[in-house]
Amino acid sequence: MSDFNDFSNASASEKAEASELQRMIAVEQQKAQFQAQVHNFTDVCWEKCVDKPSSKLDSRTEGCLVSCVERFIDTTLTITNRFTQMVQKGAN
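How each quantity is defined
Residues numbered from 1 in each chain as written. Predicted model: local features only at pLDDT ≥ 70, side-chain atom pairs only at ≥ 80, totals over all residues. Heavy atoms only, no water. UniProt positions renumbered as here; feature names shortened; annotations may be inferred. Helix = DSSP H or I, 4+ residues; strand = E, 2+ residues; numbered from the N terminus. Buried < 20%, exposed > 50% of the residue type's maximum accessible area, 1.4 Å probe, protein only. Areas by Shrake-Rupley, 256 points an atom, 1.4 Å probe, with all protein chains shown as cover. Patch = residues over 30% accessible without salt bridge, like charges linked within 9 Å, V, L, I, M, F, W, Y side chains within 5 Å. Salt bridge = Lys/Arg side-chain N within 4 Å of Asp/Glu carboxyl O. Expected span 1.5 Å × (residues − 1). Contact = heavy atoms within 4.5 Å. Disulfide = S-S within 2.5 Å.

Within an unreviewed UniProt entry, the label attached to the chain reads Mitochondrial import inner membrane translocase subunit, and the organism entered is Acipenser ruthenus. The annotation that UniProt attaches to the chain under Subcellular location (unreviewed entry) is "Mitochondrion inner membrane". Its UniProt record gives the chain a comment under Subunit (unreviewed entry), which states: "Heterohexamer."

Below, the structure is given as structure tokens:
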């Protein structure tokens, strides 16, 4: 069995496949990190905004959740734009 990182005897197509696999793994790791952050942020917003669960949100709780989600969206867009910049720099 050959080592995944040993490219000395690999053909060009095998090297390309290994490189693509590594890229796909990196993308999946980024997705997993993002999903973990979403879960973390959901917990933060819930803990911050919801004093006690009920059948209806009061205006304070609703306003808090809206603000929390808006900050989350702002943060997500910033992170996404940064990842895009990193990918574009790596492609050049």
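Enquirer: Describe in detail the overall build of the chain, supporting the description with residues and values.
Expert: When its secondary structure is counted, the chain shows two helices and zero strands. Looking at the 92 residues of the chain, the share that counts as buried comes to 11%. Counting every atom, the chain has about 7,800 Å² of accessible surface; 56% of that belongs to carbon and sulfur.

Enquirer: Any details on a nonpolar patch on the surface? Residues and values, ideally.
Expert: Judged by side-chain polarity, Val69, Ile73 and Leu77 come together as a nonpolar surface patch covering roughly 250 Å² of accessible area. Mapped onto the elements of the fold, Ile73 is located in helix H2 (residues 59–91). For Ile73, a relative accessible area of 43% corresponds to the partly exposed category.

Enquirer: So, helix H1 (residues 12–49): which residues are in play, and what are the values?
Expert: The terminal C-alpha atoms of H1 lie 55 Å apart, and with 38 residues this matches the ideal 56 Å at 1.5 Å per residue to within 8%. Those residues of H1 not exposed but buried are Ala18, Cys45 and Cys49. Where H1 is buried, its residues touch H2.

Enquirer: Summarise the state of the cysteines; cite the residues concerned and give the values.
Expert: Using the criterion set out here, one finds two disulfides in the structure. The disulfide partner of Cys45 is Cys68, and the gap between their sulfur atoms is 1.7 Å. The sign of the S-S torsion, about -80°, decides the handedness of the disulfide formed by Cys45 and Cys68: left-handed. Residue Cys45 is found in helix H1, and its partner Cys68 is found in helix H2; the two are separated by 23 residues along the sequence. For the pair Cys45 and Cys68, one class covers both residues: buried. When the bonded cysteines of the chain are numbered from the N-terminus onward, they pair as 1-4, 2-3.

Enquirer: Pulling in residues and values, what's your account of the side chain of Thr61?
Expert: Along the chain, Thr61 turns up in helix H2. Since its relative accessible area comes to 6%, Thr61 is described here as buried.

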